[in-house]
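Results of the structural survey
Here are the chains, one letter per residue:
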Amino acid sequence: MRIEATNAIVRFGEQNALAGVDCAIGPGEMVALIGPNGAGKTTLMRVLAGLQPLQAGETRYDGRGARDLGRGELARRVAFLAQGGEAHWPLRVDHLVGLGRLPHRRAFSGPSAADHAAIEAALAAADVAHLRARTLRALSGGERARVLLARALAVEAEMLLADEPVAALDPLHQLGAMALLRSVARNGAGVVAVLHDLTLAVRFCDRLIVLAGGRVIADGPPSVLTDAVVAAAYGVDALRGEHRGEPFIVPWAATLTPTPLP
Amino acid sequence: MSAALIRAERAYWPLAAALGGLTLAATFASLAIGYVHLDVFAALNDVAHGRASLPALVLVELRLPRAALGCAVGFSLGLTGAAMQGLLRNPLADPGVVGVSGGAALGAVVVFYSGLAGAFSLALPLGGAAGAVVAALALYALVGRVAGTMTLILAGVTINTFAGALTALALNLSPNPYAAFEIMFWLMGSLVDRSLPQLWLALPLMLAGWALLMSSAPALDALTLGEDTATSLGFDLKRLRLTLVAGSALAVGGAVAVTGAIGFVGLVVPHLLRPLVGHRPGRLLLVSGFGGAIALLAADIAVRLLPIHPELKLGVVTALIGAPFLFGLIDRLRREA
């Protein structure tokens with residue numbers, strides 16, 4: 001599936017959360033959506049997921065509008081992982097992951113073999129299979145985040161929109177989650193992940209979309225993340241280097257002179 | 001395939017079946033137990049053969065309406081409690097606590113008072129349902145989407161106080177002290193001296209309410225993950241809210257209009273059953289309906305067996321048991337928070 005947002009404008013009161021954003025994500029792409037706090041990343045994710053009403057512009061899925069596609073089909077084809085996800089009841093881990101199969105349910109029938117297979121695959125992929133019989137409240141923040149990621153994976157959608165999927169994870173599980181998202185993309189689904197770790201973004205993603213002040217200030221392969229872009233987006237100088245042929249980029253200090261947005 | 005998951009899926013239906021069986025047993029016990037000895041089978045035999053014997057009369061005129069209403073009203077209260085707790089994602093939501101029952105009682109009192117009750121027979125249940133709709137909408141306007149415990153309780157206090165004041169106003173202005181007395185006793189909630197025609201009037205409303213509430217099960221499950229995620233799973237939350245408000249109003253409004261306000265069943269029953277269904281809000285609905293029916297029938301049998309006269313009103317008994325329960329629950333939630 002290809003999601004295309006055109007001239008998306010979202011205002012909260014006087015504030016422009018998105019000031020005319022154009023972006024398109026296709027199948028098999030692994031995209032990092034990065035930018036400072038308040039840049040509009042979450043709003044753009046909600047726009048792409050069809051959750052956020054637009055003041056202007058439109059979102060199209062393979063050229064069709066969300067209404068034309070219908071709630072059910074949109075839910076089966078686009079999975080959304082909310083930031084800092086929550087669960088209001090202490091469900092068991094496998095039941096919670098099973099909620100990702102709701103878009104595939106049929107009236108008056110229990111979970112199908114495909115549902116069970118998808119739940120198992122998602123539990124294993126997110127490395128939470130051993131927690132399956134625990135309740136969510138008995139887990140740490142990072143374990144909970146992985147369970148919620150497994151829930152999103154269980155949808156087996158053509159497009160996975162993950163808002164800060166690695167924020168709560170320890171370093172090993174951050175690397176594991178990024179590798180997992182990349183393998184989801186290699187298997188043909190489009191993946192968009194909101195990230196704050198620039199190294200994870202440039203190492204694991206095919207493409208970066210840099211958002212600042214509700215606008216896209218850079219969009220392209222990891223090489224678009226130049227010092228100028230980092231300074232303009234975050235107001236920091238970055239330390240760069242390479243290890244075993246892969247780039248890393250570490251925010252080091254605030255820039256001395258604020259750089260205007262390009 | 002996950003063996004544990006399949007085991008949990010399988011454990012649900014025996015639980016539902018067991019509670020359904022218990023509901024039938026409690027209904028039968030409610031037919032058999034009373035102030036006069038009644039051989040239910042002999043009475044049923046008389047009814048089947050059209051003999052207007054004394055046992056047949058006791059069964060059809062007294063016991064059957066009481067047992068059937070206990071079953072249906074209890075089911076309504078338990079189911080509505082579970083559904084409201086799922087929608088508001090708060091274990092304290094209950095038609096009585098949040099004011100929906102109070103609104104329904106007010107609606108029914110207005111119908112009594114205005115004389116509409118005599119004008120056409122459906123007026124009473126419809127009045128109850130209308131009062132419940134108004135209260136449910138007011139609740140929704142006050143608490144918004146996700147209700148914090150405090151907001152929910154305060155909104156319930158507000159609605160209950162206002163509905164109570166208007167009910168008191170109706171009593172205050174009542175031209176006939178005997179009618180006021182009548183309304184007051186009715187408000188305490190009871191299954192005594194109801195008739196089969198009253199059941200036939202309220203039952204369709206309750207059945208429609210049950211269907212609406214039960215149809216929301218998958219959406220309530222999805223709502224566990226919050227509104228955005230539930231929407232992304234394909235559920236229309238605006239429609240869900242409307243369905244649940246309408247379903248609650250029909251189920252509780254119909255029930256309250258016949259029996260008066262009976263509180264706390266919808267609070268206590270889902271809370272006790274929730275761990276047995278793995279805290280899944282969708283799975284909680286049917287079992288809470290059965291649980292509510294069992295609880296109400298048991299309480300109604302208990303008031304008949306207690307050596308206290310005049311007989312205790314059912315609403316009084318459920319409040320005497322339920323209020324300390326609510327107290328304990330608030331205390332626990334406060335310590336967990």
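For the structure itself, look to the data block above.
Residues numbered from 1 in each chain as written. Chains lettered and ligands numbered in written order. Predicted model: local features only at pLDDT ≥ 70, side-chain atom pairs only at ≥ 80, totals over all residues.

As for the overall build of chain B
Across its full length, chain B holds 15 helices and zero strands. A globule of 337 residues ought to have a C-alpha radius of gyration of about 20 Å, and chain B, at 20 Å, matches this closely. Within chain B, the fraction of its 337 residues that count as buried is 51%. For chain B, contacts bridging at least 24 residues in sequence account for 79% of all contacts bridging at least 6. (Helix = DSSP H or I, 4+ residues; strand = E, 2+ residues; numbered from the N terminus. Rg over C-alpha atoms; globule rule 2.2 N^0.38 Å. Buried ≥ 20, exposed ≤ 12 C-beta atoms within 10 Å, placed from the backbone. Contact = placed C-beta atoms within 7 Å.)

Let's talk about the nonpolar core
A:Leu33, A:Ala150, A:Leu161 and A:Val210 are the most contacted members of the largest nonpolar core, which has 190 residues in total. Broken down by element, this core gets its largest block of residues, 16 residues, from helix α3 (residues 54–88) of chain B. Filtering out sequence-adjacent residues up to four positions away, A:Leu33 remains in contact with A:Lys41, A:Leu44, A:Met45, A:Val192, A:Ala193, A:Val194, A:Ile209 and A:Leu211. (Core = buried A, V, L, I, M, F, W, Y, C linked by C-beta atoms within 7 Å.)

Quick word on the sheet that holds strand β3 (residues 30–34) of chain A
All names here are of chain A. Taken in spatial order, the six strands make up an open sheet running β5-β6-β7-β3-β8-β9, and their pairing is mixed. If you trace the sheet from one side to the other, it starts and ends with β5 (78–81) and β9 (215–220), each paired once. Sheet twist, expressed as the average angle between the axes of neighbouring strands with direction ignored, equals 15 degrees. The sheet contact formed by β3 and strand β7 (residues 190–194) spans four bridges and is parallel. Looking at β7, one finds that Val-31 is bridged to Val-192. Strand contacts of helix α1 (residues 41–48): β3, β6 (159–162), β7 and β8 (207–212), with the helix running at about 155 degrees to β7, the strand carrying the most contacts. (Pairing = 2+ DSSP bridges. Axes fitted to C-alpha atoms, helices over the stretch in contact; angles between N-to-C directions.)

Examining helix α6 (residues 123–143) of chain B
Here α6(B) spans 30 Å end to end across 21 residues, near enough to the 30 Å set by a 1.5 Å rise per residue. Of all 21 residues in α6(B), 15 are buried, a share of seventy percent or more. (Expected span 1.5 Å × (residues − 1).)

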